[in-house]
Amino acid sequence: DAGVIQSPRHEVTEMGQEVTLRCKPISGHNSLFWYRQTMMRGLELLIYFNNNVPIDDSGMPEDRFSAKMPNASFSTLKIQPSEPRDSAVYFCASSPGLAGVGEQFFGPGTRLTVL
Amino acid sequence: AQSVTQLGSHVSVSEGALVLLRCNYSSSVPPYLFWYVQYPNQGLQLLLKYTSAATLVKGINGFEAEFKKSETSFHLTKPSAHMSDAAEYFCAVGPEAGRRALTFGSGTRLQVQP
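Quick caveat: nothing in here was measured; it's all calculated off a predicted structure.

(A) A look at the sheet that holds strand β3 (residues 19-26) of chain B. Residues and elements named next belong to chain B. Read across the sheet, five strands follow the order β1-β3-β8-β7-β6 without closing on themselves; strand pairing throughout is antiparallel. Pairing within the sheet leaves two strands with one partner each, and these edge strands are β1 (3-7) and β6 (56-58). If you compare each strand with its neighbour and ignore which way they point, the axes differ by 20° on average.

In structure tokens form, the structure reads like this:
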């Protein structure tokens, strides 16, 4: 299995631009998670989906952030408009849910820099 | 609600010395516990997991952790540190009933001195 795939690996954009991060979970996993990691705040859970349905988005910082999971093999995290404080590494993770004990498998991350 | 506390944001050991990274958890139900490792510029990788079977869990790269219910602890150890062990380590607990999310600790950065 290729593992969790994220794209792009690096994104540099200017303040005010729209940013879309993409994630392909491991096939057969039914839970998907988006995290943000910064030096100041550590690892933060933004949102997670179960069977393509958003379950908990309480970690989404504000309305500028949105996430979708149109099917079991694809999810996006969108920031519009982006701000310099959004600069961070964004991780996607998937989990087999009830088929496992909850362990999550992480992608390599997208390093976002907003100038 | 579940929570995890990792004592010590930075730990430094000499190569060949014992590694001990501390994790205490809080959970109202019997927990599943995990240790993840993050190498520079990479995602988190599962080191080991406790799922209510044996209390001493062995993971990859020579690491192991012991579940101690009386102490609500799940400390990570390795008898002899190697330079390649330098990384950040995260303890996690969960998932709680009705949720799929894990609760992660704040991480401990391990430095290995030659």
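(B) A look at the state of the cysteines. Residues and elements named next belong to chain A. All told, the structure shown has two disulfides over all chains when counted by the stated rule. Disulfide partner of Cys23: Cys92, at an S-S distance of 1.8 Å. Judged by the sign of its S-S torsion, about -65°, the cystine formed by Cys23 and Cys92 is left-handed. Here the residue Cys23 occupies a position in strand β3 (residues 19-24), and Cys92 occupies one in strand β9 (residues 88-95), the gap between them amounting to 69 residues. For Cys92, a relative accessible area of 0% corresponds to the buried category.

(C) Representation of the interface of chain A and chain B. Residue-level contacts link 21 residues of chain A with 20 residues of chain B. Together, the buried faces of chain A and chain B total about 1600 Å²; carbon and sulfur atoms form 56% of this surface. Taken together, the connections running from chain A to chain B amount to one salt bridge. For the salt bridge of Lys49 of chain B with Glu103 of chain A, the shortest nitrogen-to-oxygen distance reads 2.6 Å. Viewed at the interface, chain B and chain A are joined by four residue pairs in polar contact (both at pLDDT 80 or more).

(D) The arrangement of the layout of surface pockets in detail. Taken as a whole, the largest pocket holds about 630 Å³ of empty space. Looking at the largest pocket, it is lined by 28 residues, and the ones nearest its centre are Gln37 and Met39 of chain A together with Gln38, Glu88 and Arg109 of chain B. The set of elements that each furnish at least two residues to the lining of the largest pocket consists of β4 (31-38), β5 (42-50), β9 and β11 (110-114) of chain A together with β9 (87-93) of chain B. The element contributing the most residues to the lining of the largest pocket is β9 of chain A, with three residues. In the lining of the largest pocket, the residues fall into ten nonpolar, 13 polar and five charged.

Calculation criteria
Residues numbered from 1 in each chain as written. Chains lettered and ligands numbered in written order. Predicted model: local features only at pLDDT ≥ 70, side-chain atom pairs only at ≥ 80, totals over all residues. Heavy atoms only, no water. Pairing = 2+ DSSP bridges. Helix = DSSP H or I, 4+ residues; strand = E, 2+ residues; numbered from the N terminus. Axes fitted to C-alpha atoms, helices over the stretch in contact; angles between N-to-C directions. Disulfide = S-S within 2.5 Å. Buried < 20%, exposed > 50% of the residue type's maximum accessible area, 1.4 Å probe, protein only. Contact = heavy atoms within 4.5 Å. Buried area = accessible area lost by both parts, 1.4 Å probe. Salt bridge = Lys/Arg side-chain N within 4 Å of Asp/Glu carboxyl O. Polar contact = N/O pair within 3.5 Å; in protein donor to acceptor, adjacent residues only side chain to side chain. 1 Å grid on protein atoms, 1.4 Å probe; cavity = no way out; pocket = protein on both sides within 12 Å on 5 of 7 lines; lining within 4 Å. Points joined across faces, edges and corners; volume = space filled by probe spheres on them. Nonpolar A, V, L, I, M, F, W, Y, C, P; charged D, E, K, R; others polar.

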